[in-house]
Amino acid sequence: MPLNSRQPEPGRANKVAAKRVLIICRGNSARSQIAEGLIRHEGGDLYEVCSAGTSPAEVRVEAIQVMQELRIDISKQRSKPLDEFAGQTFDFVITVCDRARENCPDFGGNPVKLHWPFDDPADVTQRGDRQLIAFRELRDRIHARVMFFLGEGAYGSNN
C-alpha cells in the first residue's frame, strides 16, 4: 500500500456532521415537540434537532402521552422561545403551522425551509378520548412526514 494513502484507524468510524434541524410552531407545546421527538428517535445521530415557538406554552401532557405509546419519551423536552435560537445556523427550518410560517425569522447558513401544516390538536374542544384521538392522529401524520423527510430526503415536499 502506498505511504500517502490514508486508511481509517481500526475501530474508528468516520464521523459525519449531524444535520441541524429547527422545528417551529406557535406554542411549541405539541406539533413541534412531537416532530422533534420523532426526528430525534428515527434519525439518530444523523440529526441534531430542536424546536421552538413563536408564543411558547408548556408541553402538552397529551403530546407526552401519545409519544410514550411509541416508547418515545419527550417528557424532558421543554417549550422554548424562538429567540433562544437567534444567531444560530440550521440545515433545515421546518414550520408546522401557518402562524409560525408567517412569523419565521431568517436564519443564517441558508437553511432549507419546509412547511408542514398540521392542525393543532389542542383546538379540539372535547376533552378526554376525543382529544387524545386528535393527538394520536397528529402524531401519526407527523410520523409519516418525518419518515418521508428522513428516507426520501428533505427536499422532496414542501407542503
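For clarity, every value in this text was computed on a predicted model and none was experimentally measured.

How would you sum up unusual backbone geometry? Please name residues and give values.
Residue N28 is not a glycine yet carries a positive backbone phi of 50°. With respect to the element layout, N28 can be found in the loop between β1 (19-25) and α1 (31-43). Among the residues examined, N28 registers a relative accessible area of 0% and is labelled buried. Residue N110 is not a glycine yet carries a positive backbone phi of 55°. One can find N110 in the loop between α3 (98-102) and β4 (112-115).

Requested: an account of the nonpolar core, with residues and values cited.
Counting residues in each nonpolar core, the largest one holds 38 residues, and the members touching the most others are V21, L22, I39, I94 and F149. Elements represented by at least two residues in this core include exactly β1, α1, β2 (47-53), α2 (61-68), β3 (92-95) and α4 (129-152). With six residues, α4 is the single largest residue contributor to this core.

Describe the sheet that holds β3, with residues and values.
The four strands are arranged β2-β1-β3-β4 in an open sheet whose pairing can be described as parallel. Here the strands that pair on one side only, and so sit at the sheet edges, are β2 and β4. In this sheet, neighbouring strand axes are inclined to one another by 20° on average, regardless of whether the strands run parallel or antiparallel. Sheet topology places β1 next to β3; four bridges connect them, and they run parallel. If you follow I24 over to β3, its bridge partner there is T95. Relative to the sheet, α1 contacts β1, β2 and β3, its axis offset from that of β2 by approximately 175°.

The rules behind each value
Residues numbered from 1 in each chain as written. Predicted model: local features only at pLDDT ≥ 70, side-chain atom pairs only at ≥ 80, totals over all residues. Heavy atoms only, no water. Helix = DSSP H or I, 4+ residues; strand = E, 2+ residues; numbered from the N terminus. Buried < 20%, exposed > 50% of the residue type's maximum accessible area, 1.4 Å probe, protein only. Core = buried A, V, L, I, M, F, W, Y, C linked by side-chain atoms within 4.5 Å. Pairing = 2+ DSSP bridges. Axes fitted to C-alpha atoms, helices over the stretch in contact; angles between N-to-C directions. Contact = heavy atoms within 4.5 Å.

Keep in mind these numbers describe shape, not what the thing actually does.
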